[in-house]
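# Coordinate inspection notes
Below are the chains, spelled out letter by letter.
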Amino acid sequence: MTDILDIARSQVLERGEGLAEAQVLAVLRLGDERLEEALALAHAVRLRWCGAAVEVEGIVSLKTGGCPEDCHFCSQSGRFETPVRAARLDVGSLVEAARQTAATGATEFCIVAAVRGPDERLMREVGEGIAAIRAAVDIDIACSLGILTAAQADELQDMGVHRYNHNLEAARSHFAQVVTTHTWEERRATLELVRERGMQVCCGCIIGMGETLEQRAELAAQLAEVDPDEVPMNFLDPRPGTPFAGLPAVPAADALRAIAAFRLALPRTILRFAGGRELTLGDLGARQGVLGGINAIIVGNYLTTLGRDPQDDLDLLAELSMPVKELSRTL
Amino acid sequence: MTVAVHCDGCGRLAADGDHTTCRARRAATDPPRYCTDCGRKLVVQVLPLDWTARCVRCGPLVR
């Protein structure tokens, strides 16, 4: 049998064809002694098919907490007794957050709300917020507002939303162990609405929610089938009060193996370091990830938790001679 | 300097129990979550480069 990394070298690096599910599983099963080799190959694939530039993004929570859904990893669910209390951001603060994000060199600013899907009030707030940001800040705007109707997808397109995030979060076979208040298929349907309207599709996952390696490989394959413009990779940060509070953090080697495997499954996708990387990988892991297939980062803080100092990430990119992607749209 | 009555990580009395995990979480990734004066949950807004926190009874948290 031919070695999986040799196969990946010709299939992914040379021809640009992502690994299939069984092949991803073979990468996830590689021993620690092959990890460095897998990361180096994933990095070469990223350079060949995506280039050296790194996309930097900031995110902010417009509506925090009180969500009716029961995503077991999430401290913003109103169904669990967590330390997060409901909060709402005003338009002025939203614009200031976008301004601060742009000042770091970020080209993408994502407005996020903890909801099943947006109601009229939220759509109005998002519309006002986007208009105010576009008038004051030179940055692409993304949204993550849950499950959309066709009319809401139309509205967001009209507002000029550049990219819409809606994560699959978990493999289809594992989803019911993570969320019971909506289905994997509902999430998939929203992604189709987004794509049909010409907005970029951002669809990610959380590694470490009790899934098997087989389900991790299944998830990579299902993400590849969605063919998103961007895949944010989160690693479970077990939050107090959530059903997943007692799960262990993903070991660093497993997280890095997942990064390499997902890059080999998704050679042309923007693969973003997202939540949980500080806990799982620390400073050393951030470097290894960026040299192992990652080509985008969330700069600064997350929705309810704090991230690395943005300057640390920007210094790392400079040290590695990785230019920050510039805003490319025509203004 | 005021003495914290409640732990800002879990809201329980600071003098009661072990708050090692709370302190570790605060040092790593978490803003304060509970008012150290009254123990109520804070209204916390995390921003890309900053955060703010306010107690509905005791007012804004001053850093």
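Residues numbered from 1 in each chain as written. Chains lettered and ligands numbered in written order. Predicted model: local features only at pLDDT ≥ 70, side-chain atom pairs only at ≥ 80, totals over all residues.

### Some points on the overall build of chain A
A count of helical and extended segments in chain A gives 11 helices and 10 strands. On C-alpha atoms alone, chain A measures out to a radius of gyration of 19 Å, which is about the 20 Å that the 2.2 N^0.38 rule sets for 331 residues. The principal-axis extents of the C-alpha atoms in chain A amount to approximately 60 × 40 × 35 Å. Looking at chain A as a whole, 54% of its 331 residues are labelled buried. Taking the intrachain contacts of chain A between residues at least 6 apart in sequence as the baseline, contacts between residues at least 24 apart amount to 80%. (Helix = DSSP H or I, 4+ residues; strand = E, 2+ residues; numbered from the N terminus. Rg over C-alpha atoms; globule rule 2.2 N^0.38 Å. Buried ≥ 20, exposed ≤ 12 C-beta atoms within 10 Å, placed from the backbone. Contact = placed C-beta atoms within 7 Å.)

### What to know about the overall build of chain B
When you go through chain B residue by residue, the secondary structure sums to 1 helix and 3 strands. When the helices and strands of chain B are listed from N to C terminus, the series reads α-β-β-β. Computed over C-alpha atoms, the radius of gyration of chain B comes to 11 Å, within 12% of the 11 Å expected from 2.2 N^0.38 for 63 residues, which places it in the range of a compact globule. The principal-axis extents of the C-alpha atoms in chain B amount to approximately 35 × 25 × 20 Å. Across the 63 residues in chain B, those meeting the buried criterion constitute 30%.

### Description of helix α3 (residues 35-50) of chain A
An α-helical turn contains 3.6 residues, so a residue and the one three or four places further along point in the same direction. All names here are of chain A. Over its 16 residues, α3 runs 22 Å from end to end, which matches the ideal 22 Å to within 8%, given 1.5 Å per residue. Summarising the contacts, the buried residues of α3 are in contact with α1 (4-14), α2 (21-28), α9 (252-265) and α10 (277-290). At the C-terminal side of α3, G51 shows a positive phi close to 90°. (Expected span 1.5 Å × (residues − 1).)

### Quick word on the sheet that holds strand β1 (residues 43-47) of chain B
Residues and elements named next belong to chain B. Reading across the sheet, the 3 strands line up as β1-β2-β3 and stay open at both edges, with antiparallel pairing between neighbours. Either end of the sheet is taken by a strand with one partner, and the two such strands are β1 and β3 (59-60). Pairing analysis gives 5 bridges linking β1 to strand β2 (residues 50-55), with the strands arranged antiparallel. By the bridge assignment, L47 is partnered in β2 with D50. (Pairing = 2+ DSSP bridges.)

### Some details on unusual backbone geometry
Residues and elements named next belong to chain A. The phi torsion at E169 lies on the positive side, around 70°, for a residue other than glycine. As for its placement among the helices and strands, E169 is situated in the loop between β5 (163-165) and α7 (184-196). Taking the number of C-beta atoms within 10 Å as the measure of exposure, E169 has 22 and is therefore buried.

### Some remarks on the interface of chain B and chain A
Facing the 16 residues of chain B at the interface are 23 residues of chain A. Looking at the side of chain B that touches chain A element by element, the count peaks at 5 residues for β1(B). Taken together, the residues that form the side of chain B that touches chain A break down as 11 nonpolar, 2 polar and 3 charged. (Nonpolar A, V, L, I, M, F, W, Y, C, P; charged D, E, K, R; others polar.)

### Section: the pairing of strand β8 (residues 230-235) of chain A
Residues and elements named next belong to chain A. In terms of residue burial, β8 counts as a mostly covered element, since 6 of its 6 residues are buried. As paired strands, strand β7 (residues 205-207) and β8 are joined by 3 bridges and run parallel to one another. By the bridge assignment, I207 is partnered in β8 with F235. Each parallel crossover has a hand, and the one from β7 via helix α8 (residues 213-226) to β8 is right-handed. Of the strand pairs in this sheet, β8 and strand β9 (residues 270-273) are connected by 4 bridges, and their pairing is parallel. Residue M233 lies in a different strand from β9, and its bridge partner there is F273. In this fold, β8 hands off to α9, which returns the chain to β9; that crossover is right-handed. (Right-handed = clockwise from strand over helix to strand, strands pointing away.)

### A word on the environment of A:I147
Residue and element names in this part refer to chain A. Structurally, I147 can be placed in the loop between β4 (140-144) and α6 (150-159). For the pair I147 and P232, spaced 85 residues apart in the sequence, the C-alpha separation amounts to 18 Å. In this structure, I147 is in contact with R116, G117, H182, E186 and T190, ignoring residues within four places of it in sequence.

### Examining the packing of α1(A) against α3(A)
Residues and elements named next belong to chain A. As a packed pair, α1 and α3 sit with axes 10 Å apart at the nearest point and diverge in direction by 5°. Taken as axis vectors, α1 and α3 run roughly parallel relative to one another. Residues L5, A8, R9, V12 and L13 of α1 lie in contact with α3, whose contacting residues are E37, A38, L41, A44, V45 and R48. Split into classes, the residues belonging to the contact of α1 with α3 amount to 8 nonpolar, no polar and 3 charged. (Axes fitted to C-alpha atoms, helices over the stretch in contact; angles between N-to-C directions. Parallel < 35°, antiparallel > 145°, perpendicular 65-115°, else oblique.)

### Points about the nonpolar core
Residues and elements named next belong to chain A. Formed by 112 residues in total, the largest nonpolar core has its most connected members in V24, A220, A261, F262, L264 and A265. When residues of this core are assigned to their parent elements, the largest contribution, 9 residues, is made by α9. Sequence-distant contacts of A220, that is, excluding residues within four places in its chain, are made with V24, A261, F262 and A265. (Core = buried A, V, L, I, M, F, W, Y, C linked by C-beta atoms within 7 Å.)

### A short note on the pairing of β1(B)
Regular strands place their side chains on alternate faces of the sheet. Summarising burial for β1(B): 4 of the 5 residues are buried, a large majority. Connecting β1(B) to the antiparallel partner β2(B) that follows it, the hairpin turn spans 2 residues.

### Observations concerning the confidence of the model for chain B
Scored by pLDDT, chain B comes out at a mean of 94, with 98% of its residues at no less than 70. Among the scores for the predicted complex, ipTM is 0.93 and pTM is 0.96. (pLDDT = per-residue confidence, 0-100.)

### Topic: the packing of α2(A) against α8(A)
All names here are of chain A. As a packed pair, α2 and α8 sit with axes 8 Å apart at the nearest point and diverge in direction by 130°. On the basis of their axis angle, the class for α2 and α8 is oblique. Between α2 and α8 lies a crossing of right-handed hand. Of the residues in α8, those in contact with E21, V24, L25 and L28 of α2 are L213, E214, R216, A217, E218, A220 and A221. Residues of the contact of α2 with α8, tallied by class, amount to 7 nonpolar, no polar and 4 charged. (Left-handed = near helix turned anticlockwise from the far one by under 90°.)

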